[in-house]
Amino acid sequence: MSFPTIEFAALFAVVFVLSWALMPHPSAWRPFILAASYFFYGWVDWRWVLLLIASSVVNTFASQVIARSPSQVARKRALVAAIVFDLGLLAVFKYLGFFVSELDEALDSIGLGSPLPLVQIVLPIGISFFTFQAITYVVDVYRGVTPAASLVEVAILQAFFPHIVAGPIVRANELLPQLRTPRDPRSVLAGPAIFLIVGGIVKKTVVADELARRVVDPVYSDPSAHSASELLLAFYGFAAQIYCDFSGYTDMAIGLALLLGYQLPQNFNRPYLALSLREFWRRWHMTLSRWLRDYLYIPLGGNRGGRLRTYRNLMITMLLGGLWHGAAWTFVLWGGIHGAALSAERWARERFAGFRLPAWAAWLLTFHVVCVAWVFFRAPDLATAFDVLGGLGLGGPSPLVTLPLVLLVVASVAIQALPQGWWREAEAWLVARPVALQGLAAGAVIVVSDAALGQQGVAPFIYYQF
Amino acid sequence: MPAGRVLGVIWIALTVAALFNSEALVRAGEGMRPGPTRDIVLSVGRPIDDVAGAIGLHLPRDGLDLAFGQEEKTAPGTELERGSNAILRRNRQKDERQSFAQPTPGHPLRVLVTGDSQAEFLGQRLIDQSPPGLLEVETVARNGTGLTNPAFFNWEVNARQEVAARDLDAVVMAIGDNDGFNVQAPDGSLYNPGDPGWETELARRVAVVSSVLSSNGERPVYWVPPPTARDPKFNEIFAIQNRAVERATQAVPALRYVDVYSTLAKGRYSDELTIDGKRVLARQPDGIHFTREGAVAPVRLILDAMAEDFPALRGR
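Residues numbered from 1 in each chain as written. Chains lettered and ligands numbered in written order. Predicted model: local features only at pLDDT ≥ 70, side-chain atom pairs only at ≥ 80, totals over all residues.

Focus: the overall build of chain B
(1) Moving on: From N to C terminus, chain B includes 10 helices and 9 strands.
(2) Moving on: By the compact-globule yardstick of 20 Å for 316 residues, chain B fits well, its C-alpha radius of gyration being 21 Å.
(3) Moving on: Judged by the C-alpha coordinates and their principal axes, chain B covers about 70 × 45 × 45 Å.
(4) Moving on: Expressed as a percentage of the 316 residues in chain B, the buried residues total 46%. (Helix = DSSP H or I, 4+ residues; strand = E, 2+ residues; numbered from the N terminus. Rg over C-alpha atoms; globule rule 2.2 N^0.38 Å. Buried ≥ 20, exposed ≤ 12 C-beta atoms within 10 Å, placed from the backbone.)

See the structure below:
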């Protein structure tokens, strides 16, 4: 089930009422919110819920062993077993087909024929998110960062419907304490919540889907048929599209959780204002960045083993971060570009200590490295990505380049430069209005967003496929 | 803010959205698969739409649609819903193969690839499988649409808009994956898939839409009904759809049937196909849609059909 749909609106209206009604009774609220989350998740295919339950059971069991066993060896074995199980799920459902096909091709290329069966596996939606979430939980229990939780709590931690499909990736110590304390129905953070939800709808429907339909999809479908200016618009357009698509989803997720009384971590902080790649990753998909940092980069050694080891760790982290997005060489290359750029940036910072690029140049460089990497992220294959980049210098007619689309791209980047205080003031202003006016305003935005979409309806969120 | 007041905001927002978007609400219901969700949405949406229409609440949305350049994809009284079977009478012109202007690198063939979600990869692969410089392909996939539900998406209306907006030399139409539902013929009869009347009604609808797409024979239309599916239940329906399209070709000038149903893997379903000596995973997990790699096989059949009208496309 997707957020901006009739089905979800109806579900949420019911869940909102029942959730607050049951809130004073945790023994009733927990099964209720879990059932609602499973209903949400299993809407397309109920069998995926079984997978989710299996993941919760295994990780709960492992965490209980870790918490209770006096033996360090047993604790470590339980941790390793849980991680192997979690990564195994990802390996089977997400990567098996890719690796078998690559291996088959490799064997064929050295004359051994094509002996392996091609594997056809349905990718359960959100699997990358809920497995990473499970790993954070068991690792945090092992590290003593969070106490072991009950099966129901772990299940809610993984399945809580606002974040299950595409994050944010929540840590146990961020959500479990909230689950244990009934929320106060007298102080719902409605202002930020409504702003986030309505803003998310606008980002998705008015910007992301519009850019996808009018320029990005046609250009990436056949780059050779488009002029340099159309390719350039698609080049910047996808940067705007993916930001509005993914941050729009996250805004809605955080806003919906807020309406139920729960705070999820921030996932985006005006990423296109970053003046370096390092800063970009502190602003873009922040919950994945910190996951990669805390559960991969630092365990690999981080920057503790000298310069070369640091570069190696950065590359490994970003390559795996790329692969996390999808089983394709385009994602690996996307991660590789970021890894190489982060390493180069680090080298330059040490080599030219004291020298700083002017802010405008640093911004320009960072933004364009990010945009070039997005080309590989968006393209269906490497050849298309190189066609897009290679065609940026060609002329020709440009019917896709229209002023509204250019303004949409510019606005979606420029709006990030608005002072954050303005948004907070607007939220405070909205909350101070009468309920009817707030409802009318939110309803009006939904009407306008739906009109912007037209009859084709909302396209699936980009991150649903990961 | 207290939860009760938040609930008020949510209800007012949803009520405003439902009232001013009532037509979209009904259309969304019409587009859902038969089942309780669709029934609930329509049973709630239709009365709201009646009330909203009666008191003029459609006007703001109509204005917004105009401002955003949105085109209406449904209309009352179209031939698709109200026409007659006379359109299926054999057309004598069909006996003579029309000739069309041949493409050259200076004047490539302008092709629209459209239909349901199956059209997406077919359009993408048509570009890289055709001789360089001879095709200019635009792909417009209308996901979730079909011919059996014009109350949700009327392909006759859409076809008129598509051909009016472009200067086309040929059209590839790939559709049928969402059509396993009952249909109402113009005389009011209701047919289920499998009824003889269902095939006739579908053939009639193919004839109506293809006549519009071809502008009555000005340009060829290559109609690609669904391939074999993994699920035998779908296969029964897909076989009828293929027959319906073949039947419509007898009546509509310039309508060509591209048979991917009985030709690929000799009519047997297979997840994989061998293309250029290499095995590829040809179908998506749903057992119906082609993968990007697998779409090469049907695209070559489409190009073969196109080469009958445009010999320059031979020998790719």
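Observations regarding the sheet that holds strand β3 (residues 170–174) of chain B
Residue and element names in this part refer to chain B.
(1) Moving on: The strand order β2-β1-β3-β6-β7 describes an open sheet built from 5 strands, whose pairing is parallel. In this open sheet, the two strands that pair with only one neighbour each are β2 (135–141) and β7 (255–257). Sheet twist, expressed as the mean angle between neighbouring strand axes with direction ignored, is 20°.
(2) Moving on: Strand direction decides the pairing type here: strand β1 (residues 109–115) and β3, joined by 5 bridges, are parallel. Bridge pairing in β3 links L112 to V171.
(3) Moving on: Set on the sheet, helix α10 (residues 296–309) makes contact with β3, β6 (221–224) and β7; between it and β6 the angle comes to about 150°. (Pairing = 2+ DSSP bridges. Axes fitted to C-alpha atoms, helices over the stretch in contact; angles between N-to-C directions. Contact = placed C-beta atoms within 7 Å.)

Focus: the nonpolar core
Across soluble globular proteins, you tend to see nonpolar side chains buried next to one another.
(1) Moving on: I66, V138, A159, L211, A234 and A240 of chain A are the most contacted members of the largest nonpolar core, which totals 145 residues.
(2) Moving on: Per-element tally for this core: the top contributor is helix α9 (residues 228–259) of chain A, with 20 residues.
(3) Moving on: Beyond its immediate stretch of four places on either side in the chain, A240 of chain A contacts V207, L211, L408, V409, S412 and V413 of chain A.
(4) Moving on: W198, A207, M306 and L313 of chain B belong to the second largest nonpolar core, which has 73 residues in total. (Core = buried A, V, L, I, M, F, W, Y, C linked by C-beta atoms within 7 Å.)

Details of helix α3 (residues 36–54) of chain B
(1) Moving on: The first and last C-alpha atoms of α3 of chain B sit 27 Å apart over 19 residues, in line with the 27 Å expected at 1.5 Å per residue.
(2) Moving on: Restricting attention to buried positions, one finds in α3 of chain B the residues V41, G45, D49 and A52 of chain B.
(3) Moving on: The inward-facing, buried residues of α3 of chain B abut α1 (6–22) of chain A together with α1 (3–20), α2 (22–30) and α4 (58–67) of chain B.
(4) Moving on: Looking one or two residues past α3 of chain B, G56 of chain B carries a phi angle of roughly 80°, positive in sign. (Expected span 1.5 Å × (residues − 1).)

Regarding the environment of F20 of chain B
(1) Moving on: Among the structural elements, F20 of chain B can be located in helix α1.
(2) Moving on: Sequence separation between F20 of chain B and R61 of chain B is 41 residues, and the spatial gap between their C-alpha atoms is 6.4 Å.
(3) Moving on: Every residue in contact with F20 of chain B, bar those within four places of it in the chain, is listed here: V447 of chain A together with L57, P60 and R61 of chain B.

Some thoughts on the packing of α2 of chain B against α3 of chain B
For any two helices packed against each other, one specifies the inter-axial angle together with the distance between the axes.
All names here are of chain B.
(1) Moving on: The interhelical angle for the contact between α2 and α3, taken along N-to-C directions, is 155°, at an axis separation of 8 Å. Considered as vectors, α2 and α3 are oriented roughly antiparallel to each other. With respect to the hand of their crossing, α2 and α3 are arranged in left-handed fashion. Only R38, V41, L42, G45, R46, I48, D49 and A52 of α3 make contact with α2, whose side of the interface consists of S22, E23, L25, V26, A28 and G29.
(2) Moving on: Among the residues making up the contact of α2 with α3, the classes are represented as 7 nonpolar, 3 polar and 4 charged. (Parallel < 35°, antiparallel > 145°, perpendicular 65-115°, else oblique. Left-handed = near helix turned anticlockwise from the far one by under 90°. Nonpolar A, V, L, I, M, F, W, Y, C, P; charged D, E, K, R; others polar.)

A word on the interface of chain A and chain B
(1) Moving on: The interface is formed by 38 residues belonging to chain A together with 41 residues belonging to chain B.
(2) Moving on: Secondary structure elements with two or more residues in the side of chain A that touches chain B: α1, α8 (190–221) and α18 (435–453) of chain A.
(3) Moving on: By residue number, the principal contributor to the side of chain A that touches chain B is α18 of chain A, which donates 14 residues.

Overview of the confidence of the model for chain B
(1) Moving on: When pLDDT is averaged along chain B, the result is 89, and 97% of the positions lie at 70 or above.
(2) Moving on: Both scores are available for the predicted complex, with the pTM at 0.85 and the ipTM at 0.76. (pLDDT = per-residue confidence, 0-100.)

Examining helix α7 (residues 172–180) of chain A
Structurally, the α-helix is built with 3.6 residues per turn, so residues lying three or four positions apart point the same way.
Residues and elements named next belong to chain A.
(1) Moving on: Within α7, burial applies to A172, L175, L176 and L179. The buried residues of α7 all sit within an arc of 100° when viewed along its axis, so they share a single face.
(2) Moving on: Where α7 is buried, its residues contact α5 (127–143) and α6 (151–159). (Arc of directions from axis to C-beta.)

A word on the domain arrangement of chain A
Residues and elements named next belong to chain A.
(1) Moving on: Domains assigned within chain A are domain 1 (6–180) and domain 2 (190–415).
(2) Moving on: Taken over C-alpha atoms, the centre of domain 1 sits 26 Å from the centre of domain 2.
(3) Moving on: Domain 1 puts 22 residues into the contact, and the matching count from domain 2 is 19 residues.
(4) Moving on: Listed by contribution, the elements that provide at least two residues to the side of domain 1 that touches domain 2 are α1, α4 (72–109), α5 and α7.
(5) Moving on: Top element by residues in the side of domain 1 that touches domain 2 is α5. It accounts for 5 residues. (Domains from an automatic or database assignment.)

Topic: the domain arrangement of chain B
Residues and elements named next belong to chain B.
(1) Moving on: The domain boundaries assigned to chain B delineate domain 1 (3–64) and domain 2 (90–313).
(2) Moving on: If you average the C-alpha positions of domain 1 and of domain 2, the two centres end up 34 Å apart.
(3) Moving on: In this complex, domain 1 contributes 4 residues to the contact, which on the side of domain 2 involves 5 residues.

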